[in-house]
Amino acid sequence: MTNDPINRRDWLAAMALGGVAFGCPFLACAQNHSTDKPLDAGPSAGLAAVPARWWKAAGELRVECELCPNKCRVADRERGTCGVRENRDGKYYTLVHSRSCALHLDPIEKKPFFHVLPGATALSLAAPGCNIQCKFCQNWEISQARPEQVPLRQSSPGALAEMARSMGAPTIACTYSEPAVWAEYVFDIATAARKAAVRTLMVSNGYIEHGAMSDLSQVLAAVKIDLKSMTERFYREQCVGKLAPVLDTLRLLHQRQVWFEIVMLVIPVLNDTQAEARDLARFVKSELSPEVPVHFTRFHPSYRMQNLPSTPVATLTRARDAALEEGLHYVYVGNVPGHPGAHTNCPSCHKILVKRVNMVTVENRIVAGSCPDCKTKIAGLWT
Amino acid sequence: MMNRGRRRLLEGLMAVAGTAITGCAKAAPAERREPRHQKPGGFEPGLVVRAQRSNLRDESSGKIDQGRLKATLGAVVARTTGDATPSAAFSRLFRATDVVGIKVGTLAGRSLSPHPELVLQLFEWLVAVGVKPENVVVWDRLDNELERAGYRLNRERNGMRCLGTNQEYDWSPREWGDGGSCFANLLVNELTALINVAVVKDHDLAGVSAGLKNWYGAIHNPNKYHDGGCSPYVAQLAAFPLIKDKLRLTVLDALVAQCHGGPAFSARWAWPCGTVLASRDPVALDTVAWRIIDEQRLKLGLQSLASEKREPKWIAAAAALGLGEHRSDRIKLVDV
């Protein structure tokens, strides 16, 4: 495999592009778009609610949520584990529809999507909430929060689609927290975006029920799934979740032919063995496709996991090598600026096709979805 | 590459940490189960004091007879510490320099939340023993829940404060037992003493929501801890030093209680219980609250919580953590 080192010119180009891309934080974006404004409702006003999908009545004003595998049984005035869906008089509502707590213009590589429109920008947003509790969450301030605990802005699906179009962003990414728990909002964003010729991406833990994901798969362009580990024990002890439903989601996405990429955050001691990387690779190859991109990314101490060091780069390199040996075509190393494992290589001739530095594409040689040298078809959404 | 020595060190550290946590939980010896106290005296393990009056609240209007409530609550509080008057009890429990948080549970709105009149009476006794009015803070999760329960918000230091935590958490996650949360900034950085004022009601998942469950309102992520009937989370949270070491008194306002359909108010299952309870033993108090709920359930032809597999297992867990007494033969229920 060809792994060219980064030259100084690439590095500076990446920094310059990154500077532009990252220079659009929440308020800077919003100020230029009158449809996006702070919510009037303060803590004393309570939160307006939008009827939820994916639930059923469970007797005596209870509801049972059917959105995610937690299947919360929720009594009147209570919320599910996610903290953003509430039972009011026996009906279930989402409290975060059209309410964003983060809005940025990011490079699409930051999601990361490496096989979707390299070099494109993604209007990236989050609403609060998550349905699992990863001790190492990088965005816990919003994912583990209830909507009252974070500043929210009114961001309707139509306004977001218009904002993306006017800013020249070909994609909207539902990301940062767990979009599965604001699936109604995601669905409506994707529907509105489609009308504006903008694609919608979802960055998710994949902890979602078949019905909801099936509905979403009809409107989403691509999905990134965080596969935390290949063991139930890890999911139980580190995330308060389960592995099996996540694998089911991956199978569903493959079956529905929705483009998806997989990220595994490699954490020292907990999920960093080569055996686990091989397990993941074998699952992907045998049950999905060897063409599914897999990213091994670097852990840094965060949230409730401050007692472990950052992942050694060599560990990530070994994981990547193991997955390639197992037969996957596209395996990446993430969160390591300058690592050659961030480039896309042709699986046939091994030449670099897409060169990336610091989550920014600096060169894209793919032509009509193929390697320009050996004409091998490269899986992905390139146009 | 992580070498073997480094890996072993990390694994060792994790194993030691795990052992230490598990060890603490398992090692709570029987002889140390009595709660710790800020001041000597005024405490009797397992003691729960109850007053039952039918004339404290007008059921048609909901209006409280403030004079009768004062006398009744005063008798309960005084007996709780074994003092002659509520003022004497409060002077035993609080110092003039304390900043006292009165944690109320107001999720269920005006019909099933602690009555503001009862809280106001506690405030008066605090002031009577020298606590500055602005150093008394009536507090719950959200402004809007307090307001719906009939409380008037006041964030100014011109008298008793009344406020929701809203977004004001100490945003440094703390580990408590199996959980991890950010705690209300007020609790972390200002309050030196706590009075817990809750109601007596059924809770669909926890079985009972009374005193101990009320502490879910002190953390930013209560929704994450409802699995397994909220056990052992309710117990572990109440055992966290920020709460356990500051708690001086728990009062249950059961003028109206609810035996089914909680935690929200349900007119069908609420009843005029006409009862006020207090204790310095929060486990014994919640055990009595469970009994009250089950008695009413049986009276109405409902199954017991245990029969519905909704018994509050966290009560025994709280006892095992040394927070109080849950064995029937060790609980002394005194009527005044």
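No experiment lies behind these values; they were computed from the predicted model shown.

A.B. asks: Before we go on, may I ask you to explain the overall build of chain B in this structure?
C.D. replies: Across its full length, chain B holds 10 helices and 12 strands. Across the 336 residues of chain B, 54% fall into the buried class. For chain B, restricting intrachain contacts to residue pairs at least 6 apart in sequence, the fraction spanning at least 24 positions comes to 71%.

A.B. asks: What am I meant to see in the sheet that holds strand E4 (residues 63-65) of chain A here?
C.D. replies: Adjacent strands of a sheet pair through backbone hydrogen bonds, lying either parallel or antiparallel. Residues and elements named next belong to chain A. The strand order across the open sheet built from three strands is E3-E4-E5, with neighbouring strands paired in antiparallel fashion. Since the sheet does not close on itself, it has two edges, and those belong to strand E3 (55-57) and strand E5 (73-74), each with one partner. Examined bridge by bridge, E3 and E4 share three bridges and lie antiparallel to one another. Its bridge partner being in E4, Trp55 is matched across the sheet by Cys65.

A.B. asks: Looking at this structure, how should I read the sheet that holds strand E13 (residues 199-204) of chain A?
C.D. replies: All names here are of chain A. Strand order across the open sheet formed by eight strands is E9-E10-E12-E13-E14-E15-E16-E17, with mixed pairing between neighbours. Since the sheet does not close on itself, it has two edges, and those belong to strand E9 (102-107) and strand E17 (331-334), each with one partner. For this sheet, the mean inter-axis angle between neighbouring strands, taken without regard to orientation, is 20 degrees. Lying over the sheet, helix H5 (residues 183-195) contacts strand E12 (171-174) and E13, oriented at roughly 155 degrees with respect to E13. Across the sheet, helix H10 (residues 313-325) is in contact with strand E15 (259-266), strand E16 (294-298) and E17; its angle to E17 comes to roughly 170 degrees.

A.B. asks: What should I look at first to understand unusual backbone geometry in this one?
C.D. replies: For residues that are not glycine, phi is negative in most cases, and the peptide bond is trans in most cases. For the peptide bond that leads from Lys111 of chain A to Pro112 of chain A, omega is -5 degrees, which places it in the cis range. Assignment of secondary structure puts Pro112 of chain A in the loop between E9 and strand E10 (121-126). For the peptide bond that leads from Ser231 of chain B to Pro232 of chain B, omega is 10 degrees, which places it in the cis range. The topology assignment puts Pro232 of chain B in the loop between strand E8 (207-209) and helix H7 (233-238). In this structure, Glu60 of chain A takes a positive phi of about 50 degrees despite not being glycine.

A.B. asks: Looking at this structure, I do not really get the confidence of the model for chain A. What am I missing?
C.D. replies: Fine structural detail should not be taken from predicted coordinates in areas where pLDDT scores are low. This prediction gives chain A a mean pLDDT of 90; 88% of its residues lie at or above 70. Below a pLDDT of 50 lies the segment residues 1-45 of chain A, which in the model reaches 72 contacts outside its immediate sequence neighbourhood of four places, other chains included.

A.B. asks: I tried to follow the interface of chain B and chain A on my own but got confused; where do I start?
C.D. replies: Accessible area lost when the parts come together is the quantity often used to give the size of an interface. With 29 residues of chain B at the interface, the matching set in chain A holds 31 residues. The set of elements that each furnish at least two residues to the side of chain B that touches chain A consists of helix H1 (4-27), helix H5 (143-148) and strand E5 (169-176) of chain B. Here the residues of the side of chain B that touches chain A are counted per class, giving 13 nonpolar, nine polar and seven charged.

A.B. asks: Is there a simple way to explain the environment of Asp188 of chain A in this structure?
C.D. replies: Residues and elements named next belong to chain A. Residue position: Asp188 is located in helix H5. Since 20 C-beta atoms lie within 10 Å of it, Asp188 is described here as buried. The sequence separation of Asp188 and Phe296 amounts to 108 residues, and the corresponding C-alpha distance is 31 Å.

A.B. asks: Where do I start with the packing of helix H9 (residues 274-288) of chain A against H10 of chain A in this structure?
C.D. replies: Each pair of packed helices can be summarised by the angle the axes make with each other and by the distance between the axes. Residue and element names in this part refer to chain A. Interhelical geometry of H9 versus H10 gives an angle of 40 degrees and a closest axis separation of 8 Å. If you check the angle between H9 and H10, you find them oblique. Considering the relative orientation of H9 and H10, their crossing is right-handed. Where H9 approaches H10, its residues Gln274, Ala277, Arg278, Leu280 and Ala281 are matched on the opposing element by Arg318, Ala319, Ala322 and Ala323. In terms of residue class, the contact of H9 with H10 is made up of six nonpolar, one polar and two charged.

A.B. asks: I would appreciate a short explanation of the packing of helix H4 (residues 157-166) of chain A against H5 of chain A in the present structure.
C.D. replies: All names here are of chain A. Look at H4 against H5: their axes get within 8 Å of each other, and the N-to-C directions meet at 45 degrees. In terms of orientation, H4 and H5 fall into the oblique class. Once H4 is placed against H5, the crossing between them reads as right-handed. On H5, the residues that touch Pro157, Gly158, Leu160, Ala161 and Ala164 of H4 are Asp188, Ile189, Ala192, Ala193 and Lys195. In terms of residue class, the contact of H4 with H5 is made up of seven nonpolar, one polar and two charged.

Cut-offs and rules
- Residues numbered from 1 in each chain as written.
- Chains lettered and ligands numbered in written order.
- Predicted model: local features only at pLDDT ≥ 70, side-chain atom pairs only at ≥ 80, totals over all residues.
- Helix = DSSP H or I, 4+ residues; strand = E, 2+ residues; numbered from the N terminus.
- Buried ≥ 20, exposed ≤ 12 C-beta atoms within 10 Å, placed from the backbone.
- Contact = placed C-beta atoms within 7 Å.
- Pairing = 2+ DSSP bridges.
- Axes fitted to C-alpha atoms, helices over the stretch in contact; angles between N-to-C directions.
- pLDDT = per-residue confidence, 0-100.
- Nonpolar A, V, L, I, M, F, W, Y, C, P; charged D, E, K, R; others polar.
- Parallel < 35°, antiparallel > 145°, perpendicular 65-115°, else oblique.
- Left-handed = near helix turned anticlockwise from the far one by under 90°.

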